[in-house]
Amino acid sequence: MANKLRLGIPKGSLQDATIALFKRAGWNIYADGRSYFPSIDDPEIECMLIRAQEMARYVDHGVLDAGLTGIDWVVESGLDLTSITSLTYSKQSRRKVRWVLAVPEESSFTKAEDLEGKIVATELVEVSKRYFASKGVNVKVEFSWGATEVKPLADAIVEVTETGSSLKANRLKIIDTIMESETHLIAGKNAVADPWKREKIDQIAMMLRGAIDAQSQVGLMLNVQRGNLDKVLAVLPALNSPTISELSNSDWVAVNTIVEERVARDVIPRLKAAQATGIVEYSLNKVVL
């Protein structure tokens, strides 16, 4: 039987962002909404849709060789799994999410210690219990299925947020951050020990990492006379040393480099002032270091 890697794709809020990330990395995943086994244009990979909260357990039991899930759910599970790489993306942004302790805006609670003897609702039960235990605060942590923002029977909640807007809309205030989290590509012990599977997982990790790194960067190409090359190079905040190529006119060279997208708007006018010509900014699919 041909080698096959069983890969878990997070079902739910991360699903679309994950499929889009794989597309940028070179794989097309097709999920029709009815099947838990989306197709992928790689005969060596078999995908399965699993809730992020359950991914660690499926990988640990060997149902899946590897999967993508938040490191928060790995910590919550208490399972000993290998993190191959971190991948900072979420459903709305390219930054880490936070699990926060929040209370009603009108309450007098301002810190965790104020919740002594109170009820806290959350999906992240074990992490929350450890958080309060570390502070010596006795609370009752209750499991909550989704929509934790609306739990009138709880005195406080521990909820995940990207921007805090949902909490604010539900008249809640954040009084502490319990942990930050981001997506990780995780693998089970047997898969890591299998040379073929480990190589395939590492390949996926490299391409996903490259796709994420490329999102915040752009390429720049330009031409410059040799006499002005040093002035141009002094402007460039290069990822590595720029590539300098000979042109048919020996008095001129071409320069190719990568910069952070956020600085390109400042760099390009300075390059023009340094006598660069034919400046082209272009987007990147992947940056593999």
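Residues numbered from 1 in each chain as written. Predicted model: local features only at pLDDT ≥ 70, side-chain atom pairs only at ≥ 80, totals over all residues. Heavy atoms only, no water.

Brief notes about the overall build of the chain
Okay, so step 1: Along the backbone of the chain there are nine helices and 16 strands.
Okay, so step 2: Here the C-alpha radius of gyration of the chain, 24 Å, is well above what a compact globule of 289 residues would show, namely 19 Å.
Okay, so step 3: The principal-axis extent of the C-alpha atoms belonging to the chain is close to 80 × 60 × 35 Å.
Okay, so step 4: Burial status across the chain gives 44% buried among its 289 residues.
Okay, so step 5: Considering only residue pairs separated by 6 or more positions, the chain has 70% of its internal contacts joining residues 24 or more positions apart.
Okay, so step 6: For the chain, the exposed area adds up to about 15100 Å²; of that, 49% sits on carbon and sulfur atoms.
Okay, so step 7: Side-chain charges in the chain split into 35 positive and 38 negative, and the spacing between the mean points of these groups amounts to 3 Å. (Helix = DSSP H or I, 4+ residues; strand = E, 2+ residues; numbered from the N terminus. Rg over C-alpha atoms; globule rule 2.2 N^0.38 Å. Buried < 20%, exposed > 50% of the residue type's maximum accessible area, 1.4 Å probe, protein only. Contact = heavy atoms within 4.5 Å. Areas by Shrake-Rupley, 256 points an atom, 1.4 Å probe, with all protein chains shown as cover. Lys, Arg positive; Asp, Glu negative; His and termini not counted. Charge placed at Lys NZ, Arg CZ, Asp CG, Glu CD.)

Some points on the sheet that holds strand β12 (residues 183–187)
Strands belonging to one sheet form pairs held by backbone hydrogen bonds; the direction of such a pair is parallel or antiparallel.
Okay, so step 1: If you trace the five strands from one edge of the open sheet to the other, you get β4-β1-β5-β12-β6, paired in mixed fashion. Unpaired on one side and paired on the other, β4 (45–51) and β6 (82–87) mark the two borders of the sheet. The sheet shows a mean angle of 25° between the axes of neighbouring strands, direction not considered.
Okay, so step 2: Note: strand β5 (residues 66–70) against β12, five bridges, orientation antiparallel. Counterpart to Ala66 in the pairing with β12 is Ala187. (Pairing = 2+ DSSP bridges. Axes fitted to C-alpha atoms, helices over the stretch in contact; angles between N-to-C directions.)

As for helix α7 (residues 195–215)
An α-helical turn contains 3.6 residues, so a residue and the one three or four places further along point in the same direction.
Okay, so step 1: The end-to-end C-alpha distance of α7 is 31 Å, a good match for the 30 Å that 21 residues give at a rise of 1.5 Å each.
Okay, so step 2: If you check which residues of α7 are buried, you get Lys197, Lys200, Ile201, Ile204, Ala205, Met207, Leu208, Gly210, Ala211, Ile212 and Ala214.
Okay, so step 3: The backbone nitrogen of Trp196 has a side-chain oxygen 3.0 Å away, supplied by the residue at the start of α7, namely Asp194. (Expected span 1.5 Å × (residues − 1). Polar contact = N/O pair within 3.5 Å; in protein donor to acceptor, adjacent residues only side chain to side chain.)

As for the sheet that holds strand β16 (residues 277–283)
Okay, so step 1: Strand order in this open sheet of four strands is β14-β15-β13-β16, and the pairing throughout is antiparallel. Every interior strand has two partners, whereas the edge strands, β14 (243–246) and β16, have only one. Ignoring strand direction, the axes of neighbouring strands in this sheet form an average angle of 20°.
Okay, so step 2: Pairing analysis gives four bridges linking β14 to strand β15 (residues 252–260), with the strands arranged antiparallel. When the sheet's bridge partners are listed, Glu246 is paired in β15 with Val253.

A few points about the packing of aromatic side chains
Okay, so step 1: This model, assessed by the stated rule, comprises three aromatic pairs.
Okay, so step 2: Note on Trp73 and Trp99: the rings are 5.6 Å apart at their centroids and 90° apart in plane angle, and the pair reads as edge-to-face. Residue Trp73 is found in helix α3 (residues 71–77), and its partner Trp99 is found in strand β7 (residues 97–104); the two are separated by 26 residues along the sequence.
Okay, so step 3: Ring geometry for Tyr131 and Phe132: centres 5.0 Å apart, planes at 75°, overall edge-to-face. Of the two residues examined, Tyr131 and Phe132, each falls in the buried class. (Phe/Tyr/Trp six-rings, centres within 6.5 Å; stacked < 30°, edge-to-face > 60°.)

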